[in-house]
Amino acid sequence: MPLGAQSANSRLVALLATFTAMSAVLDAIPMIPGLYAGVWDSWLFVLSPLVGILLGPLFGAVSVLLGSLIGHLVVLRDVFELLFML
């Protein structure tokens, strides 16, 4: 296996892990502390188009999906919101 292909795969996994972790943290933090209005009131909703631009449509969507799932499991607000997110 060429060294360049292995490096590219490692870089992709590292980028996915980094953006997934950032998405999970940003999903857990509301925009206005103390006032939460659902999935629309998180920093991830603002940043997800940028993640899609940087990672591409497939890997950006996977990263945001995993990050929002982890963020909703860390700070469980409502079961219906978790189902709505899926």
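Figured I'd write up the structure that's included with this text. (Residues numbered from 1 in each chain as written. Predicted model: local features only at pLDDT ≥ 70, side-chain atom pairs only at ≥ 80, totals over all residues. Heavy atoms only, no water.)

1. Thoughts on a nonpolar patch on the surface
A cluster of nonpolar side chains, L58, F59, V62, L66, I70, V74 and V75, forms an exposed patch at the surface whose accessible area comes to about 570 Å². Within the fold, L58 resides in helix α3 (residues 57-74). (Patch = residues over 30% accessible without salt bridge, like charges linked within 9 Å, V, L, I, M, F, W, Y side chains within 5 Å. Areas by Shrake-Rupley, 256 points an atom, 1.4 Å probe, with all protein chains shown as cover. Salt bridge = Lys/Arg side-chain N within 4 Å of Asp/Glu carboxyl O. Helix = DSSP H or I, 4+ residues; strand = E, 2+ residues; numbered from the N terminus.)

2. Here's the deal with the packing of helix α2 (residues 43-55) against α3
Remark: α2 packs on α3, axes separated minimally by 7 Å, with the N-to-C direction vectors making an angle of 145°. The chirality of how α2 crosses α3 is right-handed. On the side of α2, the interface is formed by L44, S48, V51, G52 and L55, while α3 contributes P57, F59, G60, S63, V64 and S68. A breakdown of the residues in the contact of α2 with α3 according to their chemical character gives six nonpolar, five polar and no charged. (Axes fitted to C-alpha atoms, helices over the stretch in contact; angles between N-to-C directions. Left-handed = near helix turned anticlockwise from the far one by under 90°. Contact = heavy atoms within 4.5 Å. Nonpolar A, V, L, I, M, F, W, Y, C, P; charged D, E, K, R; others polar.)

3. A short note on the environment of D27
Among the structural elements, D27 can be located in helix α1 (residues 3-28). Under the relative-accessibility criterion, D27 is labelled buried at 1%. For the pair D27 and L44, spaced 17 residues apart in sequence, the C-alpha separation works out to 5.2 Å. When residues no more than four places from it in sequence are discounted, the contact partners of D27 are S42, L44, G67, S68, G71, H72 and R77. (Buried < 20%, exposed > 50% of the residue type's maximum accessible area, 1.4 Å probe, protein only.)

4. Points about α3
Given a rise of 1.5 Å per residue, 18 residues ought to cover 26 Å, and the 25 Å separating the end C-alpha atoms of α3 matches this to within 8%. Of all the residues in α3, the buried ones are G60, S63, V64, G67, S68, G71 and H72. Relative to the axis of α3, the buried residues are bounded by an arc of 150° and lie together on one face. Those residues of α3 that are exposed and angled more than 90 degrees off the buried face are L58 and L73. (Expected span 1.5 Å × (residues − 1). Arc of directions from axis to C-beta.)

5. Regarding the environment of S48
Positionally, S48 belongs in helix α2. Placed 29 residues apart in sequence, S48 and F19 show a C-alpha to C-alpha distance of 9.9 Å.

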